[in-house]
Amino acid sequence: MRDAFPRNCCDGFTRSQAIRRVLASGKPPVAREWDPRMPIPAGVGIDRRRFLAGAAGGLLTVYGAERLGLTDRMLGDGIARAAALQPANGPILVSIFMQGGIDALSVLAPAGDPLYAKLRPTLAVAPTDGIPFREDPSLLWHPSATSFASLHNAGKVTVFPGIGYADPDMSHFTSRHYWEVGVTDTSVMTGWMGRYLDVVGSKDNPFQGLSMDGAMNPTLATATAPTAAIDQPDNFNLYMSGLWGDGFEWSLQLLTELGDLQRRSHDPAIVQVARAASEVGVVRRTLLPFQGANGTPAYTSPVTYPTASESDLPQRLAGLAAMIAAGVPLRCVALTTDTQFDTHSAQAPTFDTGLQLTADSLLAFQNDLEARGVADRVLVHVWSEFGRRAEENGSDGTDHGAAGISLLIGSRVQGGMIGEFAPLTNLDVNGNQKENVDYRGVYCSLLEQWFGQDAAAVIPKAAQFPRYQLLT
Amino acid sequence: MANLDPSPTDVYTGPFTEVAATRLLWRAGFGPGPGDPAKLAALGLDGAVASLTRPTGPAQLIGAAPHDDEGHPLDPINVWGDDHCWWLDRMVRSNQPLVERMTLIWHSWFATSEQASSAQLMIDQNWTLRRHWLGNFHTLLVDVTKDPAMLLWLNGASNTKFSPNENYGREMLELFTLGADRGYDQDDVHQNARALTGFTNDWDNSGPNNFRFEPSLHDDGIKKIFDQRGRWTWRDSCRLAVNHWSHPSFFLTKLWGYFVGAPIPADTQAALERTYVESHFEVRPIVEAILRHPLFYEGPKLVTPPIVFTAGLLRGSRQTITTTSWAWIAQLTGQVLFQPPNVSGWDYAQWLDTSRWAGRLEAANQALSGFVLNHEKYPYGEHETNEEALRRALAFWGDPKLSDETRARLLGLGRRVMRGLTATWQLPPALNTRQNAYRVLIAMSNDYQAR
């Protein structure tokens, strides 16, 4: 019988499990058996060059060629060609979108403020529950954000407690779009990271802009540069009904070549299909070494990630760390939380679980990168489309707000607070917190300080936004 | 069959060929079954459009009833994924495909997810949307506003005079009737939410029930919405929204975009807005005009939405639902029925990327799973030519048309598969491979996926 409250009706049916089961179809699912021949391409200590040398030679010949009838050239081709065009040890920016508008006043709560208790009679974080915020002990991290608190105390999180933009839009789709494209204009159709890739990216490396949502993330929408969407690196595992060996390889090659040809069509719909087909070839070849038997990963993580039936965010991050360590030529990566933080009613359970999972996953990811010795190359940007109304709404929830919270996580961040907590005594006409840091200024600063890129080529009117010191 | 009224705007005057009829079947339905384009083309443009927009009698579901992998009937209320397969079956088997296609459009327009309610309430809503398929938009909006699945999804059932909840009041204006920031502000949203107060429901062990309007929960004070003052109720809220100056242009642009790949021309927009307003928000005349518009036939292609692609594979190959794997596969393709990604529905501008492309390949594999050739003897004869093999594979899918470029590439692959065979035992496996490859490659070709 279906559960009366089917919000969790999908237990045992998360996206990752769905994908695994379908990808394993044709073969009955069996428990993973460790194959000693199977390489761990993302293993700790394997550096980029050695991995790539292996990818072009012995390492993949054993694993990939035997199973799939591939030539060394076909395997090594995509990743080696793409990697050759990428600066060695280049910086990587990872965007984490907490979708729905997370309640910033619960992430970092002004627990000592009597106005807060008045505005949030049922939702307020109790003064005894939270974890004091280093810069300002009158603020408390939510008890579900202990992982953020410990990262912050270690100097690995920069906090923007009042981020947003002037004339805030309270529509999810408009505000989210503004954040995605890096300009408050609904007609812009390329993402801010996508435009960066259009400036610096290569013509044949889809991994430079990688969405890990199982679908293209709009921050990575480009005009010309190729990008890719996957779910996890271990389950991009194509097969074709009734085909194997040469027949399979030639057929897939035909589709990717038709993609290469027809993405130059004058018809935009043909271009959309052809682009995807053309990029599928490189993505598959590059990800083969990450795929174990029956859709299980061929890599292991040096740290333990959380698990949740409602979300595979931690597993996607584990796969990302493995790809980074293996030298997959990434520049910009985007992930979206499975949790929808649009908590109009009964906020607490959704918010608590979602925040906890996000924070714990990102702590594990940081530890993973450090264990693999690649943490200096990675910066994680955590954001949401807006905060929520200061006053709760009576359905034990909160309506759409304006300024919210954003985080930068990594070994090289300055680790403090940028801007200030937006005071509850100075709300806007709609009862929302006002911004004191402009998100476009953060984008400009990221481009300049992290990527060494002139922001004016990417963010319209870049000169008029303030810059913030983001790195140590 | 009823005759169409004259269109208020331009009408396609080119030859109504099988190619034109095929586009009509993909965009106003779920693709052709074998022989359908010829039958439709013979009716001429008006006859073909009328056959879709003015069917007579109740819809018939043609062919075998759907069942799961063990042969059991679907249980859409209680089994995860069976609701998806239940509707997919109607898309595949209905002889009134535009009814299902319009229901799909309204499902995306008034995007509601079963994540907030239950399969039963979602299927109830689905029948409401289907009943209004080419009816009156104002009436549709009224019925959606009090629909239980929607009342839960956008918190209408927890919006009371004691604690207004803006969720529905905002999305109704932004997503359903006017468009973001088109002639309203936050104060209108707030006042609209007040007008919409009063719906509620009970909860017990079997879930939500007893949905009703409770006058004691309604804020009966004066509200000012779009500069008009009154003791507005939820019915006034719907009326004010559809009568707002920015509604007709929003409605037309949005509806047009589901059918045509080019922007709506200004004169067409003006003519259709006039028809829409004068008819008090009737949908049928607008759809009949769009389906006869020159740009519908001469404009650019559209990427086929994943569920239409999937239903089209099954219609073209004369198959029905014999597995509930379709629900899993739908997740990979990016379109699970009753689970739109968010309150704005599916993004019709961006259906494909590497991940969803791989999902469509799974759909093609599933549609082919009962037909894989791996016999020791090739069933269609060992003297089959390359051209015959391609024709046979095209016939498997109901004879879709391919571009010359795609066709030439496929024939090249066929030659490659058959090249250099050195022993007679190698012939049947090679013929099997050629036919298996042609079938999957046709379905995955760019030509097949953009129509």
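These figures come from a predicted structure and were not determined experimentally.

## Remarks on the overall build of chain A
Phase 1: A count of helices and strands for chain A gives 14 helices and 11 strands.
Phase 2: For chain A, the residues scored as buried account for 63% of the 472 residues in total.
Phase 3: Excluding contacts between residues fewer than 6 apart, the proportion of contacts in chain A whose partners are at least 24 apart in sequence is 73%.
Phase 4: Working note: accessible area of chain A is about 16,300 Å², and carbon and sulfur atoms make up 54% of it.

## Describing the interface of chain A and chain B
A common measure of how large an interface is: the accessible area buried when the components associate.
Phase 1: Counting residues at the interface gives 71 residues for chain A and 78 residues for chain B.
Phase 2: Between chain A and chain B, roughly 6,100 Å² of surface is buried when both sides are summed, and carbon and sulfur atoms account for 60% of that area.
Phase 3: Between chain A and chain B we count two salt bridges in total.
Phase 4: Across the pair E166 of chain B and R389 of chain A runs a salt bridge, and its minimum N-O distance is 3.1 Å.
Phase 5: Taken together, chain A and chain B are joined by 23 residue pairs in polar contact (both at pLDDT 80 or more).
Phase 6: Of all the secondary structure elements, the ones that give two or more residues to the side of chain A that touches chain B are α1 (15-23), α8 (172-181), β7 (228-229), α10 (245-262) and α11 (268-287) of chain A.
Phase 7: A per-element tally of the side of chain A that touches chain B places α10 of chain A first, with 12 residues.
Phase 8: Of the residues that constitute the side of chain A that touches chain B, the class distribution is 38 nonpolar, 22 polar and 11 charged.

## Examining unusual backbone geometry
Phase 1: Phi angles above zero are rare outside glycine, and D396 of chain A is one such case at about 55 degrees.
Phase 2: The topology assignment puts D396 of chain A in the loop between β9 (378-383) and β10 (404-409).
Phase 3: Judged by its relative accessible area of 39%, D396 of chain A is partly exposed.
Phase 4: One non-glycine residue, F338 of chain B, lies in the positive phi region at around 70 degrees.

## Quick look at the nonpolar core
Most often, soluble globular proteins have nonpolar side chains that are buried together.
Phase 1: With 144 residues, the main nonpolar core has W141, L320, M323, L330 and F365 of chain A together with W357 of chain B as its most contacted residues.
Phase 2: In terms of nonpolar packing, the next biggest core, distinct from the first, is built from 77 residues, W106, Y168, V242 and F259 of chain B among them.

## A short note on the packing of aromatic side chains
Phase 1: What the rule picks out here adds up to 40 aromatic pairs over all chains.
Phase 2: Pairing Y196 of chain A with F451 of chain A gives two aromatic rings, centres 4.3 Å apart and planes at 25 degrees, and the pair type is stacked. Here F451 of chain A lies in the segment after α14 (439-450) and Y196 of chain A lies in helix α9 (residues 192-200), a separation of 255 residues in the sequence.
Phase 3: Y196 of chain A gets classed as buried once you look at its relative accessible area, which sits at 3%.
Phase 4: A ring pair is formed by W109 of chain B and Y258 of chain B, whose centres lie 6.3 Å apart and whose planes are at 25 degrees; its orientation type is stacked. Of the two residues, W109 of chain B sits in helix α5 (residues 97-109) while Y258 of chain B sits in helix α12 (residues 247-259), which places them 149 residues apart along the sequence. For the pair W109 of chain B and Y258 of chain B, one class covers both residues: buried.
Phase 5: The ring of F30 of chain B carries R101 of chain B above its face, with NZ or CZ at 5.8 Å from the centroid.
Phase 6: If you follow R130 of chain B out to its NZ or CZ, it ends over the ring of W127 of chain B, 4.4 Å from the centre.

## Some thoughts on helix α16 (residues 306-316) of chain B
Along an α-helix, a turn takes 3.6 residues, which lines up residues three or four apart on a common side.
Phase 1: With 11 of its 11 residues buried, α16 of chain B lies for the most part within the structure.
Phase 2: Among all positions in α16 of chain B, only P306, I307, V308, F309, T310, A311, G312, L313, L314, R315 and G316 of chain B are buried.

## Re the pattern of salt bridges
Residues and elements named next belong to chain A.
Phase 1: One pass over the full model with this rule turns up 33 salt bridges over all chains.
Phase 2: Measuring nitrogen to oxygen at the nearest pair gives 3.8 Å for the salt bridge that ties E279 to R275. Within this pair, E279 and its partner R275 are both found in helix α11, separated by four residues, close to a single helical turn.
Phase 3: Through salt bridges with shared partners, a single network forms among D213, D312, R316 and D338.

## Looking at the pairing of strand β2 (residues 207-213) of chain B
Residue and element names in this part refer to chain B.
Phase 1: Across five bridges, the pairing between strand β1 (residues 199-204) and β2 is antiparallel. Paired with D204 across the two strands is G207, which belongs to β2.
Phase 2: Counting the residues that bridge the hairpin from β1 to β2 gives two residues.

## Side note on the confidence of the model for chain B
Phase 1: Mean pLDDT over chain B works out to 96, with 100% of the residues at or above the 70 mark.
Phase 2: Across the interfaces of the predicted complex, the ipTM metric reaches 0.95, alongside a pTM of 0.82.

Cut-offs used in this document
- Residues numbered from 1 in each chain as written.
- Chains lettered and ligands numbered in written order.
- Predicted model: local features only at pLDDT ≥ 70, side-chain atom pairs only at ≥ 80, totals over all residues.
- Heavy atoms only, no water.
- Helix = DSSP H or I, 4+ residues; strand = E, 2+ residues; numbered from the N terminus.
- Buried < 20%, exposed > 50% of the residue type's maximum accessible area, 1.4 Å probe, protein only.
- Contact = heavy atoms within 4.5 Å.
- Areas by Shrake-Rupley, 256 points an atom, 1.4 Å probe, with all protein chains shown as cover.
- Buried area = accessible area lost by both parts, 1.4 Å probe.
- Salt bridge = Lys/Arg side-chain N within 4 Å of Asp/Glu carboxyl O.
- Polar contact = N/O pair within 3.5 Å; in protein donor to acceptor, adjacent residues only side chain to side chain.
- Nonpolar A, V, L, I, M, F, W, Y, C, P; charged D, E, K, R; others polar.
- Core = buried A, V, L, I, M, F, W, Y, C linked by side-chain atoms within 4.5 Å.
- Phe/Tyr/Trp six-rings, centres within 6.5 Å; stacked < 30°, edge-to-face > 60°.
- Lys NZ or Arg CZ within 6 Å of the ring centre and 35° of its normal.
- Pairing = 2+ DSSP bridges.
- pLDDT = per-residue confidence, 0-100.

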